[in-house]
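Letter by letter, the chains look like this.
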Amino acid sequence: MNKLRKTRAWKALQAHYATFQKTHLRELFTQDAERARRYVVEAAGWRLDYAKQRVNDETLQLLFELARERHLEAQRDAMFAGEAVNTTEQRAALHIALRAPATAVIKTAGVNVVPEVHSVLARMAKCAETIRTGEWKGYSGRPIRNIVNIGIGGSDLGPVMAFEALRYYSDRQLQLRFVSNVDGTDFTEAVRGLRPDETLFIVASKTFTTLETMTNAHTARNWLRAAVGQDKKKLAPHFLALSTNEKAANAFGIPSEQMFGFAEWVGGRYSMDSAIGLSTMIAIGPEAFHAMLVGFHAMDEHFRSAPLEQNMPVIMGLLNIWYADFFEASTVAVLPYSHYLKRFSAYLQQLTMESNGKHVTLDGQEVDYHTGSIFWGEPGTNGQHSFYQLIHQGTHLIPCDFIAFAEALNSLGRHQDILFANVVAQAEALAMGKTLAEVQQEGIAAELAPHKVMAGNRPSNLLLAKRLTPETLGALVALYEHSVFTQAAIWNTNPFDQWGVELGKQLAARIVKEIESPKAKLTHDASTNAAIDWYRHARRD
Ligand code: F6P
């Protein structure tokens, strides 16, 4: 048995779960009139209302005990102190340093990393301003108006999400587009209608070796060459690089002055506030980008210093443990009631699942409990007319994170009131449901009544902020980052590596070669061989 299952708190939670699991939220609200007031925590512009979670004081007390038994605070402090918490890659995970104020001192391996972070931020700001003011010219002398970010995973999802989320604050004279997929359609559609002399490609890749990104970067260069010819000088103003790999960026033809670096201790999925965020900064301007960093930092400070019982990321992380490991709920739906957050769930998928999709503990032992949940979602109210039915009346327990704002960025008549009414209504319907007696009282025919019964007792968080701003977005992302960390600390897994994606990458590289040399002997399993063979023929016919 794994150490986690041997902890006192885990055993106590199991015993508590056995008697508590069927307790209905209706009952919990009746038993405790103060619940709606007490199960609320506020930090960094956000209000987390977790009163509609299937917990009582005992559950929470045991979850906090579990966190203490697993030394969550010490693990958190080790991360903030720049220790090599990413043990399989022997490096720190210091994304919190990316948003620390210039006066902060955060050391790893004896070196204060903050000055370098701020020097890159200053260079990024200068570059962003030159582009935003139209001073950055393309080969024909026309100002750059189109920015195409080429990257994938953390070098795409964060920038796309942030651009969409903060589009309201963006410079509408600039066109921002994103290319990630190696499917040529992505590149083709992204540059459709763009003038090459007004287009700047940002090659965003921590390693500068990722197959998809490098393939797209080469295609971008060819696309420009078709317009400019081979003159390297003319090509030069059309590329920037965001990477830790200066050598490879230089070898591609991007000089160091047009490159923005970051450190190895920035994980791909934790990098949207590093140099990888340059496209965001160009879109919204350096000032708003700094405001986003302030939001990140405010949540970092809250996570670092608030007692566990009032710590928003800790509470959210522990609730995930409660559902994943005790109720065996395998998914979490993230449902933002802001259309600007339409890419937020896609972003969270990488943050949560690449981080916590792990099967061994830090010391390499197979886990005997569930780890990372499946995160998914769509903005409300759209999702309501799609998959909510299953959350309301299906057989799976799906805890939901509702995210909403008081103020509309685009105020149109009653839209915002209707939007907010819907988020509250959904959370209420999920929690309280509708009993058979209530259905019968409505005079519903007996044969129809069971179909109209809603069991309720579907848990949710309600995350509220006054307004979607760069600050609240930064704080929201940091909230999920630290919730992910909290869960990994309990599970004793590494949320900063991603070895699982490597095998697929290696096999793809091998299969590309086999496809391109049709006589090569295939030595995969029979099914894989057949698929490659089918493709070779289908391509030829
Ligand atoms: O898919 C694995 C991964 O390594 C991610 O963790 C990372 O965000 C992505 O690939 C892109 O990597 P890079 O920024 O090095 O191109």
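Heads up: the structure comes first, above all this text.
Residues numbered from 1 in each chain as written. Predicted model: local features only at pLDDT ≥ 70, side-chain atom pairs only at ≥ 80, totals over all residues. Heavy atoms only, no water.

Draft legend 1. Just the site of the ligand, in detail. Within the structure, the ligand sits among 14 residues, and Ser155, Ser205, Thr207, Thr210 and Glu354 are positioned closest to it. Within the contact set of the ligand, an oxygen atom lies 2.7 Å away from a backbone nitrogen or oxygen of Lys206. Residue Thr210 places a side-chain N or O atom 2.5 Å away from an oxygen atom belonging to the ligand. Considered on its own, the ligand offers 390 Å² of accessible surface; in the complex 88% of this is hidden by protein. For the shell around the ligand, the class distribution of residues is 2 nonpolar, 9 polar and 3 charged. (Near = heavy atom within 4 Å. Polar contact = N/O pair within 3.5 Å; in protein donor to acceptor, adjacent residues only side chain to side chain. Areas by Shrake-Rupley, 256 points an atom, 1.4 Å probe, with all protein chains shown as cover. Nonpolar A, V, L, I, M, F, W, Y, C, P; charged D, E, K, R; others polar.)

Draft legend 2. Expanded view of the packing of aromatic side chains. All told, the structure shown has 28 aromatic pairs when counted by the stated rule. Plain terms: the ring middles of Phe187 and Phe201 are 6.0 Å apart, the flat faces sit at 20° to each other, and that makes the pair stacked. Placement of Phe187 in helix α9 (residues 184-191) and of Phe201 in strand β7 (residues 199-204) is noted, with a sequence separation of 14 residues between them. Residue Phe187 is classed as buried on the basis of its relative accessible area of 5%. When its relative accessible area of 0% is taken as the criterion, Phe201 is described as buried. Following the ring pairs from residue to residue traces out a cluster consisting of Trp10, Tyr17, Phe20, Trp322, Tyr323, Phe326, Phe327 and Tyr369. Over the ring of Phe29 we find Arg35; its NZ or CZ atom is 5.2 Å from the centre of that ring. A cation over an aromatic ring shows up here: Arg221 above the ring of Phe252, its NZ or CZ 4.3 Å from the ring centre. (Phe/Tyr/Trp six-rings, centres within 6.5 Å; stacked < 30°, edge-to-face > 60°. Helix = DSSP H or I, 4+ residues; strand = E, 2+ residues; numbered from the N terminus. Buried < 20%, exposed > 50% of the residue type's maximum accessible area, 1.4 Å probe, protein only. Lys NZ or Arg CZ within 6 Å of the ring centre and 35° of its normal.)

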